[in-house]
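# Structural characterization, general
As a plain string of letters, each chain reads:
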Amino acid sequence: MTAAPTPFLSRNPADPADILTEVAPVGADAVAAAVERARAAQPGWLGGGAAARSAALSAIAAAVEAAAAELADLAVREVGKPLAEARAEVARTAAVWRYYAQAPYEPTGAVHESAAGPGLLLTRRRPHGVAGLITPWNFPFAIPSWKAAPALAAGNTVVLKPAPEATACARRLAEIIGQALPEGAFTLVTGGPEEGEALLATADALSFTGSTTVGTAVVRTATARGIPVQAEMGGLNAAIVLPDADIARAAGHIASAIAGYAGQKCTATSRVIAVGAALGPLREALAEELRTLAVGDPADPATVCGPLIGERARDRFAAALEGLPPLAAGTAPDGPGWYAAPAVVEKLPEGHHLLREEVFGPVAVLLPADDLADAVRITNSVPYGLVTSVHTAGLDAVLHGLDRLDTGMVRVNAPSAGVDFHLPFGGTKASGHGPREQGRAALEFYTSSRTYTLTPAHTM
Ligand code: NAD
């Protein structure tokens, strides 16, 4: 007799004794059954027409808005997201559903002239069938939504496997989504790697967001199966500060990108590159920002940096910083939560792990650069390529830098974190694989193009 899998306990990171839910993994067979049900439901969902799909997605947007306060509180409690950010995530989630509610009415193809003779040449994008979604815990409403909404809009049905740490959020979101959709169009399967692998083995397309290690393996398996796959993974993002920048403003943006949500965003800033004379003033301004940054209870609307997601994450963060005297550091509150003090460090030897690996905590390395070209070289020197922020008052650095920065996104005079939901989102190198998420790009990922040649049966 095989032992039942150990349930995972989803705990409040600010108060680990507060258990939100017990996650009993559903097992591979249940995932396969969910995919089969979704596959059976897909022709009806697509065939129901654009108006039905549009209305369902609008209803989900309205339901998310109606439950906004409750959802934000749940994200605070389950994944330790500071309240202000949790509210913003919920607002963004509603906006995502509303945006894709229009998508079923968008053209799905084009008409071309025949190369020779009468006839019609058509291209038309069609859904894949069942879209499998594997998601992380750090955006428990927005990431599942920005995958599910375009997948459903395009006529796919969906099976979602969220991170176990975000199970209570996923269950509540699934309840809201499920109320607006026909049976089988959206199914939640809870669990961990085994359930993720089972989804990967059975879905018709796979969208993954999470760590680079898991994402790389997911891409390999999906590619071997020949299914469309996209993977949004880790980052080691740089902020470049030019001497002409408004240093105080830049330091504020950068501190929030280092320590906001305790650095637990793929778009967080991990490297701060000061060009020439920017170094001295930036060092001082960053130290001041960290000293005064609000670290504490995520339920407090003023908090910027809450706890880390779990004990392992907190221990890994402490180990990553061991022996490094911080140039500047915030203060972690005492108490039962998995808190860590945000920090900026400098003068690390080349090849130091903080310059190669994502820590997923509130820390960044300050690095000097001789000039813009040197800053671009340093930015591009890591295996990741998600987002870069550039801080400058002039256009030159922007125009010269844009095409040389090997990251999927560049943000000028803005924090590295915080990309608009209606634009393509994703990275290069180890940060991303496959077509982009969000905006119109997502609709392309969840469909494939068909070419139809229509010629007359009789000559006239
Ligand atoms: P993770 O890779 O540990 O888990 C992500 C998901 O994959 C979870 O649902 C997990 O259960 C599942 N999973 C784990 N092993 C699996 C396997 N063998 N097969 C299939 N699925 C498996 O990541 P996490 O800790 O939940 O999230 C943090 C990571 O996500 C960070 O690296 C962060 O940078 C990244 N992230 C990236 C983006 C982006 O858009 N680039 C956005 C948010 C988070």
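Everything numeric here is computed off the predicted structure, so don't read it as measured data. Each residue is numbered by its place in its chain's sequence as written, counting from 1. Local features are withheld for residues below a pLDDT of 70 in this predicted model, meaning they are given only at 70 or higher, and side-chain atom pairs are given and counted only at 80 or more; totals for whole chains, interfaces and linings count all residues. Note: side-chain values were computed over all heavy atoms of the structure, leaving out hydrogens and water.

## As for helix α3 (residues 68-79)
Using the following cut-off: Secondary structure follows DSSP: runs of H or I at least 4 residues long count as helices, runs of E at least 2 residues long count as strands, and numbering of each begins at the N terminus. Expected helix span is given by 1.5 Å per residue-to-residue step, counting one fewer step than there are residues. Whether two residues are in contact is decided by their heavy atoms, any of which lying within 4.5 Å being enough.
Between the first and last C-alpha of α3 there are 16 Å, a value that for 12 residues agrees with the 16 Å anticipated at 1.5 Å per step. Lining the buried residues of α3 we find β1 (8-12), β2 (15-23), α2 (50-66), α4 (83-101) and α6 (167-180).

## Things to note about the nonpolar core
The condition is simple: Definition of nonpolar core: a set of buried residues of the types Ala, Val, Leu, Ile, Met, Phe, Trp, Tyr and Cys, connected through side-chain atoms within 4.5 Å. For every residue, the accessible area (1.4 Å probe, protein chains only) is compared with the maximum for its type, and the residue is labelled buried under 20%, exposed over 50%, or partly exposed between those bounds. Domain boundaries shown here were taken from an automatic or database domain assignment.
Grouped together as the largest cluster of nonpolar side chains are 111 residues, with contacts concentrated most on Leu-57, Trp-97, Tyr-100, Leu-181, Leu-282 and Leu-354. Both of domain 1 (8-233 + 431-452) and domain 2 (237-412) provide at least three residues apiece to this core. Those residues in contact with Leu-282 that lie beyond four places of it in its chain are Val-241, Ile-247, Ala-251, Val-272, Ala-274 and Leu-366. Judged by nonpolar contacts, the second largest core, of 21 residues, contains Ala-34, Val-35, Val-219 and Val-229.

## Some remarks on the sheet that holds strand β14 (residues 363-369)
Selection criterion: For two strands to count as paired, DSSP must find a minimum of two bridges between them.
The 7 strands lie next to each other as β12-β13-β14-β11-β10-β16-β17, forming an open sheet whose pairing is mixed. With one partner strand each, in any of the chains shown, β12 (328-329) and β17 (409-412) form the two edges of the open sheet. When strand β16 (residues 387-391) meets β17, the two strands line up parallel, connected through 4 bridges. Bridged to Val-390 within β17 is Val-412.

## Structural notes on the domain arrangement of the protein chain
Frequently, the measure chosen for interface size is the accessible area removed from exposure when the parts meet. Put simply, the test is: Buried area is calculated as the accessible area (1.4 Å probe) missing from two parts once they are joined, with the contributions of both summed. By definition, a salt bridge exists where a carboxyl oxygen of Asp or Glu is found within 4 Å of a side-chain nitrogen of Lys or Arg. Under this definition, polar contacts are N or O atom pairs within 3.5 Å; protein pairs additionally need one hydrogen-donor-capable and one acceptor-capable atom, and for neighbouring residues in sequence, both atoms have to be side-chain atoms. Ten residue types, Ala, Val, Leu, Ile, Met, Phe, Trp, Tyr, Cys and Pro, are classed as nonpolar, four, Asp, Glu, Lys and Arg, as charged, and the remainder, Gly among them, as polar.
We note that the domain assignment places domain 1 (8-233 + 431-452) and domain 2 (237-412) within the protein chain. The gap between the C-alpha centroids of domain 1 and domain 2 is 30 Å. Between domain 1 and domain 2, the contact holds 25 residues from the first and 24 residues from the second. Carbon and sulfur atoms make up 65% of the area that domain 1 and domain 2 hide from each other, which totals about 1900 Å². Our count for the contact surface shared by domain 1 and domain 2 stands at 1 salt bridge. Glu-85 is the salt-bridge partner of Lys-265, the closest N and O atoms lying 3.1 Å from each other. Linking domain 1 to domain 2 there are 8 residue pairs in polar contact (both at pLDDT 80 or more). When contributions to the side of domain 1 that touches domain 2 are tallied by element, the ones reaching two or more residues are β1, β2, α3 and α4. The element contributing the most residues to the side of domain 1 that touches domain 2 is α4, with 4 residues. In the side of domain 1 that touches domain 2, the residues fall into 11 nonpolar, 5 polar and 9 charged.

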